[in-house]
Amino acid sequence: MTGAYLDFYRGRRVMITGGLGFIGSNIARRLVELNADVLLMDSLIPDSGANFFNIDGIADRVRVNIADVRQESTMNHLVRDRELIFNLAGQVSHVDSMVDPVFDLEVNTRSHLAFLETLRAVESRARV
């Protein structure tokens, strides 16, 4: 890795939605190594794979907020002053999407559009 790449994340205020899942927690691990200020946000939807075990060993070096990306007022607060956002929140079960397609649509599409609108209104300089 080049020094510029490593230095880019040092001290950056990063938010990871879906941060307690497999991918989000592994991104968080790397960002912690690079000395970023990491905020993890996750709704802990049952059977989603998100859990605190995924951040074992770095839990004291990240902040965790249990919230749902669909909660607009909460998201307004969480995105404030965040420079970089890894947006990984979502419902990933194909079976569940067939059983409850309205929930799947709500979590995987409408909520992300609302999230982008929140970013535009509250923290338009953030990179997603």
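Residues numbered from 1 in each chain as written. Predicted model: local features only at pLDDT ≥ 70, side-chain atom pairs only at ≥ 80, totals over all residues. Heavy atoms only, no water.

Positive phi outside glycine occurs at Asn35, with the angle close to 65°. For Asn35, the position within the fold is in the loop between α2 (22–33) and β2 (37–42). Residues other than glycine seldom take positive phi values, yet Leu44 does so here, at roughly 55°. Assignment of secondary structure puts Leu44 in the loop between β2 and β3 (62–66). Taking relative accessible area as the criterion, Leu44 reaches 27% and is therefore assigned partly exposed. (Helix = DSSP H or I, 4+ residues; strand = E, 2+ residues; numbered from the N terminus. Buried < 20%, exposed > 50% of the residue type's maximum accessible area, 1.4 Å probe, protein only.)

What follows deals with the layout of surface pockets. When its volume is computed, the largest pocket comes out at roughly 330 Å³. Lining the largest pocket are 21 residues, with Gly18, Asp42, Leu88, Ala89 and Gly90 positioned closest to its centre. Of all the secondary-structure elements, those providing two or more residues to the lining of the largest pocket are α2 and β2. The greatest single-element share of the lining of the largest pocket, amounting to three residues, is contributed by α2. Tallied by class, residues from the lining of the largest pocket come to eleven nonpolar, eight polar and two charged. (1 Å grid on protein atoms, 1.4 Å probe; cavity = no way out; pocket = protein on both sides within 12 Å on 5 of 7 lines; lining within 4 Å. Points joined across faces, edges and corners; volume = space filled by probe spheres on them. Nonpolar A, V, L, I, M, F, W, Y, C, P; charged D, E, K, R; others polar.)

Turning to the side chain of Asp68, a few remarks are in order. Positionally, Asp68 belongs in the loop between β3 and α3 (72–79). In terms of polar contacts, Asp68 uses its side chain to reach the side chain of Arg70, at 2.6 Å. In this view, Asp68 contacts Met41, Ser43 and Met75; residues no more than four positions away in its chain are not counted. (Polar contact = N/O pair within 3.5 Å; in protein donor to acceptor, adjacent residues only side chain to side chain. Contact = heavy atoms within 4.5 Å.)

Remember that the coordinates give geometry; whether it matters functionally is a separate question.
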